[in-house]
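Observations on the three-dimensional arrangement
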Amino acid sequence: MTNRPKRVTLFIQCIIDSCFPDAAWAMVRVLEKQGVELVHPKDQTCCGQPAFNAGYRQEAARLAERFLDVFEDAEAIVCPSGSCVNMVRHHYAELFEHQPRLLARAEAVAAKTWEFTEYLVDVLGVTDVGAFWKGQVTYHDSCHLLRGLGVADQPRALLRQVRGLELVEMTRSDECCGFGGTFAVKYPEISEALLETKLANVQSTGAETVTGCDMGCLMHMQGMITRRGLPIQVRHIAEILAGEER
Amino acid sequence: MNSPEDYRSSAGKAAADTRLHSALAKMRDKVGRNALNLYTQVDAQADPRLKAKDVRRKVVNNLDVVLTSLAAKITGRGGHVHFAPTDLDAVEYCLGVARRHGVRRVVKGKSMLSEEIGLNAAFEAAGIETVETDLGEYIVQLKGETPSHIIAPAIHYSREQVGELFAEKLGEPYTSDPPTLTAMARKALREKMLTAEMGVSGGNTACAETGHVTIVSNEGNIRMSSTMPRVHVVLLGIEKVAATLEDHDVLLRMLTRAAAGQKISTYVSYVGGPRLEDEPDGPEEFHLVLVDNGRTRILGDPDFREVLHCIRCGCCLNVCPVYLKIGGHSYGTPYCGPIGAVFTPLTRGVNECHHLCQGETLCGACKQVCPVDNDLPRMLSLLRAKLADGDPRWNVRPQSRGTKAAFAAWAWIMSRRPALDLLLRLGRAVQRLLPKPSGWIRRLPGPLSGWTRGRDFPPLAKESFTERWARTRGRKA
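Model, not experiment: these values are computed from the prediction.

Contact residues are listed per partner, giving 66 residues for chain A and 69 residues for chain B. Of the roughly 6000 Å² buried where chain A meets chain B, counting both sides, 61% is carbon and sulfur surface. It is W25(A), Y56(A) and R227(A) that lose the most area in chain A upon contact with chain B, and together they represent 13% of the buried surface on that side. Here chain A is connected to chain B by seven salt bridges. R33(B) is paired through a salt bridge with D174(A); the nearest N and O atoms lie 2.6 Å apart. In this assembly, chain A and chain B are joined by 30 residue pairs in polar contact (both at pLDDT 80 or more). The biggest single contributor to the side of chain A that touches chain B is helix α11 (residues 188-203) of chain A, with nine residues. Along the lines of polarity and charge, the residues of the side of chain A that touches chain B split into 31 nonpolar, 18 polar and 17 charged.

Given below as structure tokens:
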């Protein structure tokens, strides 16, 4: 690609920043291997999605405006989480529907914000990132990534090029894992029932690893896997794409 | 209607009912996950959902004109048209018709609107025997229940359970053979249809241009209950009309595919007035009851008007991961699933139905499959916003000061990176006290304990990405 931005600004989802930094460092390695220069604004925190989904739009709008302040000057913004990108790309416009100046700023930022696998495949035009990973992997389609951003082929295309990796599709990979933000805390009985079905579908593939592009869903799955001692490992897709031959 | 507490407990019970789950999975696999394929039969090039949405949007924006034209056609043919502002008014009108004709027995076609207005209970209270003639509706009626699915009311029963029910209530020998069970119901129902003085049915759609109401069915019961009794009453939500025959055709083709995975239903009945002189059959008297019951209020709010585009196909239920786990009865309202979660709060009170607005994951499967491309997740999110901060226009009170304060505090911290860093350091100290037998947190305190009921929670990393970036690369940038 000729017009690839030389410089990418990292937008690190708050859950990854605080609990799963390894996934972000894996993304850093993959992007740097592609010759991309990385910038990380030190003031970034959260895009506001948890508040937005729970209905607290005033609070979400505060963080959205702050996000624009922090990221506005970026050439391209890349994030290892589909739902955060969906928030910026689609819901900021809802938040600022009646504030034309903020809306214009939000639209400009939305147009240069990319989910990690989307950026690799659609912007950089790369599917083979030179990764190695041994074993069978199954891929979970996260709801907002799939239905909000329309990203389904990009992560699969990347996974198929990984040496040693066999991609095994699960039944209804596009069905929600039951996370849904505060829903998982407010309605644990329902949320767990959804998660059980998801994990049963993961297990019936026989794959030892489940991956995806959203740490929220992956953390949700890992939560039950850990509790029940299930023999499945969970990896963010960046960790697989950063895999090296051993 | 269920209280929010009832919702959580009945949903919790249903979430463990694997027999229910496998029954609902049949609708998921046969209809829900097949719908998008079937829509391409209507139009392989353009997305027919967008055309259907456009048809619905136009008519909902011009309801006054379109309904006037529908009513004029029907009265011109000698039918009666009544506009019912409320559920009570609609019920009162139906009771009035029944009283005038000395009706003792009513046969009914399937109608969710009749559930919404509580017609059966009112008829029974007035001493009028009311018999559901749709097989699924008949089963739930014999059982003393309400439908658990908009299209498949008895989906929560196995054929064995139906066999036991018929043996008990109809005095028939036990069988679990569906054709035999159907024959038993047919025998019992035919007797009722031949002797009922009045039929009631619910319109699936209507056409203003031709002046008829359209009712789809697969059992032939609509034909009998709309032609054999002396009087026929059709209930129709004011929004369910199409302006032209061409528009009507678009909706009908989408409806049968979305509702039942069929190119067309076995029967499509067009009713629009009493029997004319040159017609061999039909009722002597015909009434169309157009029911508002909160719909014009929704019409007045551009944020929610879209929910009136719904054609009640029930397809969103069949793909909703929450509905598929908790079944229709958990919602405790006539309309369940994603559509019920938006429509019911708007008509029965957002505060009263806060559990319906908040009991979803916003996964978007409902929007994806909707034959009129309704953005239900957008409207659920807006309902949650009303609960968060209140909205006098909809008489909504803020739901929880505690949650509001928590999100305000969270937003304050998240607006200051140093405050967040401090909080993370504090969290790392506190999490040392929490049990972590597997490395992940086994029990969280307070409102967060919902998560750790059946799942562990990730601990904070020793160093956040931001901290390490600043330490190792901060100077370079």
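Looking now at the domain arrangement of chain A. All names here are of chain A. Parsing chain A into structural domains produces domain 1 (7-121) and domain 2 (127-241). Here the C-alpha centroids of domain 1 and domain 2 sit 22 Å apart. Facing 28 residues of domain 1, the contacting portion of domain 2 comprises 22 residues. Taken together, both faces of the contact between domain 1 and domain 2 bury some 2000 Å²; the carbon and sulfur share is 69%. Three residues, F20, T117 and V121, lead the burial of domain 1 against domain 2; their summed loss comes to 22% of the area buried on that side. Here domain 1 is connected to domain 2 by seven residue pairs in polar contact (both at pLDDT 80 or more).

Scoring rules and cut-offs
Residues numbered from 1 in each chain as written. Chains lettered and ligands numbered in written order. Predicted model: local features only at pLDDT ≥ 70, side-chain atom pairs only at ≥ 80, totals over all residues. Heavy atoms only, no water. Contact = heavy atoms within 4.5 Å. Buried area = accessible area lost by both parts, 1.4 Å probe. Salt bridge = Lys/Arg side-chain N within 4 Å of Asp/Glu carboxyl O. Polar contact = N/O pair within 3.5 Å; in protein donor to acceptor, adjacent residues only side chain to side chain. Helix = DSSP H or I, 4+ residues; strand = E, 2+ residues; numbered from the N terminus. Nonpolar A, V, L, I, M, F, W, Y, C, P; charged D, E, K, R; others polar. Domains from an automatic or database assignment.

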